[in-house]
Amino acid sequence: MSAALTIAQRDFRGFLGTPVGWIAACILFLVSGLLFTIVTGQLLLKGESVDPVAEIMGSLIGFLNYINIFVVPIFTMRVMSEELAQGTFRLQAGAPISSGEIVAGKFLGIMFYFSIIGLLLLIYPVYVSVFAEPDYKVMSLGFLGLILNIAAIVSIGLFVASLTQNAVISYLGSVFFVILFLFSAYIKGMPEWYQRSVNILELGNELSRGILKTSSVAIYLAIVATFLFLSRLVVETKRWRV
Amino acid sequence: MIEVKDLMKLYGERKVLHGLNFSVGVGRVCGFLGPNGAGKSTTMDILAGLLGPSDGTAKLCGLDVVTQTREVKEIVGYLPDNPPLYKEMTVVEFVKYVAKLRGVPANQRKSAVDRALADCAVTDVANRLVGNLSKGYRQRVALCAALVHQPKILILDEPTEGLDPNQILLIRGLIRKLAKERTVILSSHILSEVQATCDDVIIINQGQIVAQASLADAGTSKPSVIFSFADRTDAALSWFKEKTFVSKVELFNEKPDSVVVNFKDDFYGDAKKANMVQVNSQLVQQGFGLTSVYEHRTGLESLFFDAIKNQSPAVRGQA
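Note that the structure is predicted; figures quoted are calculated from it, not measured. Residue positions are given per chain, counted from 1 along the sequence in the order it is written. A letter from A marks each chain and a number from 1 marks each ligand, given out in the order of writing. Since the coordinates come from a predicted model, pLDDT governs what is reported: local features require at least 70, and pairs of side-chain atoms require 80 or more to be given and counted, while whole-chain, interface and lining totals use all residues.

Helix and strand definitions here come from DSSP, where helices need a minimum of 4 consecutive H or I residues and strands a minimum of 2 consecutive E residues; each element is numbered from the N-terminal end. When you go through chain A residue by residue, the secondary structure sums to 11 helices and zero strands. The order of helices and strands in chain A, counted from the N terminus, is α-α-α-α-α-α-α-α-α-α-α. Note that the radius of gyration is over C-alpha atoms, with the globule rule given as 2.2 Å times the number of residues to the power 0.38. Taking 2.2 N^0.38 as the reference for a compact globule, 242 residues should give roughly 18 Å; the C-alpha atoms of chain A span a radius of gyration of 19 Å, in line with that estimate. With the C-alpha coordinates of chain A rotated into their principal frame, the extents come out at 65 × 45 × 30 Å. Between the buried cut of 20 or more and the exposed cut of 12 or fewer other C-beta atoms within 10 Å of a residue's own C-beta lies the partly exposed class, and all C-beta atoms are placed from the backbone. Counting only residues that meet the buried cut, chain A has 42% of its 242 residues in that class. Note on contacts: residues are paired as contacts if their backbone-placed C-beta atoms lie within 7 Å. Sequence separation of 24 or more characterises 81% of the internal contacts of chain A that already satisfy a separation of 6 or more.

If you want it as structure tokens, here you go:
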């Protein structure tokens with residue numbers, strides 16, 4: 001497991017050592033800042049709300065969940081496809097560690113980065129709590145939903161990225177795959193459990209409204225586990241293909 | 001130390017290795033020589049545990065690369081042809097990261113990193129970003145990362161590719177130094193490279209071993225001698241033809257005023273120096289206008305071209 005942490009630590013530093021990490025952070029902060037201003041402004045115009053804080057944070061996190069579909073694959077592309085293309089992947093593949101540890105390390109590295117971003121985004125709830133009495137439970141569930149959503153996209157992205165060395169295909173493929181994954185919920189005739197399971201945006205919205213179900217967390221964990229397992233499989237079989 | 005038996009690799013339908021058989025002894029530097037696309041890198045990848053063979057076995061220190069991959073990776077240091085480097089890290093950060101990844105215990109890590117940096121002569125750039133270094137330095141940093149965990153076997157895939165002559169000399173010296181304590185396999189398509197650094201040579205072409213020899217047998221201990229003359233080259237040629245200690249003499253095709261002479265086996269050995277002195281003084285006495293004498297080591301070159309031309313597996317000398 002220490003090998004996974006070593007990889008995670010390096011990847012995290014790698015994000016900050018190159019423009020990628022900073023640009024992604026800029027995008028996320030800019031979008032969330034703008035959104036916060038807009039939603040707060042609208043709320044002021046409306047003049048009344050049952051729980052203004054939940055409303056603000058709900059729309060903020062809901063929107064971030066969308067944006068992440070386009071931001072997260074940049075990171076999975078970097079740690080997998082780019083490393084495969086540049087040959088740095090061989091450093092890990094040549095070390096006496098398992099494929100599982102490599103995949104886990106890459107997953108944790110990206111999650112570490114987004115956890116820091118998530119922590120910094122707490123500035124909004126803190127700011128809000130100065131002026132109003134928020135429902136902390138709703139708010140923390142919203143953040144939990146944000147992190148779980150990111151985890152799901154990271155695992156799907158890692159799987160797609162492990163299939164290709166081409167950065168563009170990796171990025172577009174991941175975005176496309178996540179969208180396909182989401183929209184497969186609307187295919188007619190799909191069983192209800194499936195429709196509920198793949199619509200991670202809806203699950204995230206549920207959480208940000210303060211509805212915590214064991215099943216929704218379990219669904220997230222199942223998605224993450226499935227795709228990390230598939231990525232591990234792809235990495236492992238690389239030895240036997242080309 | 002390294003035992004390879006019937007090693008085969010298929011990429012889809014295409015067979016890139018057709019059953020390689022070779023072994024490398026402890027403390028030897030073995031050169032893997034072959035034209036581009038001969039299967040050198042594939043073999044190296046298999047030995048380093050990065051690629052699985054389609055058939056056959058490869059054992060390093062008795063450990064099988066297929067069933068004991070992890071153990072094999074622990075004792076192997078591998079420098080691929082495209083050196084894996086993180087450009088945004090400093091040299092020392094990078095080497096430390098590889099040491100950690102390779103499982104060097106925390107209390108020995110600093111000394112291991114320092115030693116590797118010193119061995120590869122990159123201590124002076126330790127705090128610079130890898131991305132800002134010259135190609136020669138990058139190659140040395142990659143080599144440094146390959147040996148930070150003190151591997152018993154070092155596998156180097158074209159270690160001097162794309163370097164300037166000065167840097168090539170540096171890397172060669174480094175390889176010779178490193179070889180004192182470990183077994184080294186290096187691949188190259190440059191003849192002089194192998195000649196300068198290796199004890200044994202394996203020539204591979206189109207996925208087959210076409211020749212295997214220790215460099216001493218590959219003709220290097222019995223060089224041809226090239227004599228150049230001011231004017232009477234033809235007279236010198238016929239003079240050599242009459243001598244019993246000469247096995248072959250002909251005009252040198254690169255320089256018309258010179259002759260290439262191969263001596264018989266008993267000419268070499270302990271008496272070689274005295275014999276040469278005698279030949280030279282006789283040439284001067286004959287008044288052929290001798291201008292220069294030098295040894296020409298064609299052994300490896302001819303071995304290589306013969307092997308590639310014939311393409312039939314042949315084992316010459318002993319490995």
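Facing the 19 residues of chain A at the interface are 22 residues of chain B. Listed by contribution, the elements that provide at least two residues to the side of chain A that touches chain B are α1 (2-17) and α4 (89-93) of chain A. For the side of chain A that touches chain B, the element with the most residues is α1 of chain A, which contributes five residues. In this count, Pro and Cys sit with the nonpolar residues alongside Ala, Val, Leu, Ile, Met, Phe, Trp and Tyr, while Asp, Glu, Lys and Arg are called charged and the others, Gly among them, polar. Taken together, the residues of the side of chain A that touches chain B sort by class into eight nonpolar, eight polar and three charged.

Residues and elements named next belong to chain B. A sheet is described by the order of its strands in space; here four strands give the open sequence β12-β13-β11-β14, paired in antiparallel fashion. Whereas interior strands pair on both sides, the edge strands pair on one side only; in this sheet they are β12 (246-251) and β14 (290-296). Geometrically, the sheet is characterised by an average inter-axis angle of 20 degrees between neighbouring strands, direction not taken into account. Bridge count between strand β11 (residues 224-229) and β14: six bridges; the pairing is antiparallel. By the bridge assignment, Phe227 is partnered in β14 with Val293. For two strands to be treated as a pair, DSSP must find at least two bridges joining them. Angles shown run from 0 to 180 degrees and are taken between the N-to-C directions of axes, each axis being a line fitted to C-alpha atoms and, for helices, limited to the stretch in contact.

So, about the pairing of strand β9 (residues 200-205) of chain B. All names here are of chain B. Counting buried residues along β9, six of its six residues qualify, which places the element largely inside the surrounding structure. Of the two faces of β9, the one carrying Asp200, Ile202 and Ile204 and the one carrying Val201, Ile203 and Asn205 are both buried. When strand β3 (residues 29-33) meets β9, the two strands line up parallel, connected through four bridges. Among the inter-strand pairings, Leu33 is bridged to a residue of β9, identified as Ile203. Relative to strand β10 (residues 208-214), β9 runs antiparallel, the two sharing six bridges. Within β10, the position partnered with Asp200 by the bridge is Ser214. Adjacent in sequence and paired antiparallel, β9 and β10 are bridged by two residues, among which Gln206 carries a positive phi angle near 45 degrees.

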